[in-house]
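# Overview (structure and organization)
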Amino acid sequence: MTDQPEATPDAGEFTPTEHTTIRYAKRASYDRAEAHRILDDAFVAHVGFVLDGCPFVIPMVYGRDGDRLLLHGSVATRLMRALDAGAPACVTVTHVDGLVLARSQFHHSVNYRSVVILGTATRVRDSEAERALAVIVDHAAPGRSGEARPANRIESRKTMVLAIPIEEASVKVRTGGPIDDEDD
């Protein structure tokens, strides 16, 4: 979808952790290049975090800059304040490629591609934040950062840009048709 940086040939795989090990191994992958492809093809991420013991999941537009996922939002939001303060985040990006309708309701499914990223955000500032915002804008609408004016000083003060390293991650993919029972 965008002209995002490609994974380097030696990018390899993510190392599964206690939190990213997928139990249904048939659909699991830890391939960094596949994760980058999925991230580059979508533009909405669901960002999860816990604040005061309450879980929240917020949909956000994002951009990818190499092995960093870039997020932006108002400095006044609880999401941005919590992540800036070091709250761990879970970011999920999912493509729904098609419904899989079987003869039995039990065997209905969805073909999908998804990435789950776990990490702690760091705040991006000044000229790096300006460049990160352009990456986010161009990810959602390729070439748009060159067509629209950049944020002015007041808008920049009201906007926070965060980067989450794409280091602890997993990929899941389901493809194919239904798996019907012989009786059906």
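Look above for the structure.
Presented here is an overview of the structure given in this document. Here the structure is a predicted model, which is why all the values come from computation and not from measurement.

## Description of the sheet that holds strand S9 (residues 168-174)
Spatial ordering of the open sheet is given by S1-S9-S6-S5-S2-S3-S4-S8-S7, a layout of 9 strands whose pairing is antiparallel. Sheet topology places strand S1 (28-29) and strand S7 (122-124) at the edges, where each strand pairs with a single neighbour. Sheet topology note: the strand S3 (residues 54-65)/strand S4 (residues 68-74) ladder contains 4 bridges and is antiparallel. For Arg-64, the partnering residue across the bridge sits in S4 and is Leu-69. The strands touched by helix H1 (residues 32-41) are S3, S4, strand S5 (88-100), strand S6 (109-120) and S9; relative to S6, the strand with the most contacts, the crossing angle is about 105°. The strands that helix H3 (residues 126-140) touches are S3, S4, S7 and strand S8 (159-165); relative to S3, the one it contacts most, it runs at about 90°.

## Thoughts on unusual backbone geometry
The phi torsion at Asp-52 lies on the positive side, around 50°, for a residue other than glycine. Summarising the element assignment, Asp-52 is placed in the loop between strand S2 (44-51) and S3.

## With respect to the nonpolar core
In this structure, Leu-39, Tyr-62, Leu-83 and Ile-117 are the most contacted members of the largest nonpolar core, which totals 32 residues. The contact partners of Tyr-62, leaving out residues within four places of it in the chain, are Ile-38, Leu-39, Ala-42, Phe-43, Val-44, Ala-45, Leu-69, Leu-70, Leu-71, Val-93, Ile-136 and His-139. Within the second largest apolar cluster, 9 residues are counted, among which are Leu-70, Val-124, Ile-136 and Val-161.

## Brief notes about the pairing of S8
Across the 7 residues that make up S8, a large majority, 5, are buried. Bridge analysis of S4 against S8 gives 7 bridges, and the strand direction is antiparallel. Bridge pairing in S8 links Leu-71 to Leu-162. Alignment of S7 against S8, held across 3 bridges, turns out to be antiparallel. Looking at the pairing, Val-124 lines up with Val-161 of S8.

## Topic: the pattern of salt bridges
With the rule as written, the count across this model stands at 11 salt bridges. Arg-37 serves as the salt-bridge partner of Glu-34, at 2.7 Å between the closest nitrogen and oxygen. Residue Glu-34 and its partner Arg-37 are both found in helix H1; the two are separated by 3 residues, about one turn of the helix. Since its relative accessible area comes to 41%, Arg-37 is described here as partly exposed. As a salt-bridge pair, Arg-113 and Asp-41 come within 3.5 Å of each other at their nearest N and O atoms. Taken together, the residues Arg-113 in strand S6 and Asp-41 in helix H1 connect sequence positions 72 residues apart. Counted as one network, the salt bridges with shared partners bring together Asp-65, Arg-68, Glu-128 and Arg-131.

## Thoughts on the side chain of Ser-114
Looking at where Ser-114 falls in the secondary structure, it is placed in strand S6. The contact partners of Ser-114, leaving out residues within four places of it in the chain, are Ile-38, Val-93, Thr-94, Ser-170, Val-171 and Lys-172.

About the cut-offs
Within any chain, residue numbers begin from 1 and follow the written order of that chain's sequence. Given that the model is predicted, a residue must reach a pLDDT of at least 70 before its local features are reported, and side-chain atom pairs must reach 80 or more before they are shown or counted; all residues, however, enter totals for whole chains, interfaces and linings. For the side-chain quantities, the full set of heavy atoms in the structure was used; hydrogens and water were omitted. Here, strands pair whenever DSSP counts at least two bridges between them. In DSSP terms, a helix is any run of H or I states spanning at least four residues, a strand is any run of E spanning at least two, and both are numbered starting from the N terminus. Working rule for contacts: check all heavy atoms of both residues, and any pair within 4.5 Å makes them a contact. Axis definition: a line fitted to C-alpha atoms, limited for helices to the stretch in contact. Angles are taken between N-to-C directions and run from 0 to 180 degrees. Definition of nonpolar core: a set of buried residues of the types Ala, Val, Leu, Ile, Met, Phe, Trp, Tyr and Cys, connected through side-chain atoms within 4.5 Å. Only protein chains enter the accessibility calculation, which uses a 1.4 Å probe. A residue is then buried if its area is under 20% of the maximum for its type, exposed if over 50%, and partly exposed in between. Each salt bridge in this description consists of a side-chain nitrogen of Lys or Arg and a carboxyl oxygen of Asp or Glu lying within 4 Å of one another.

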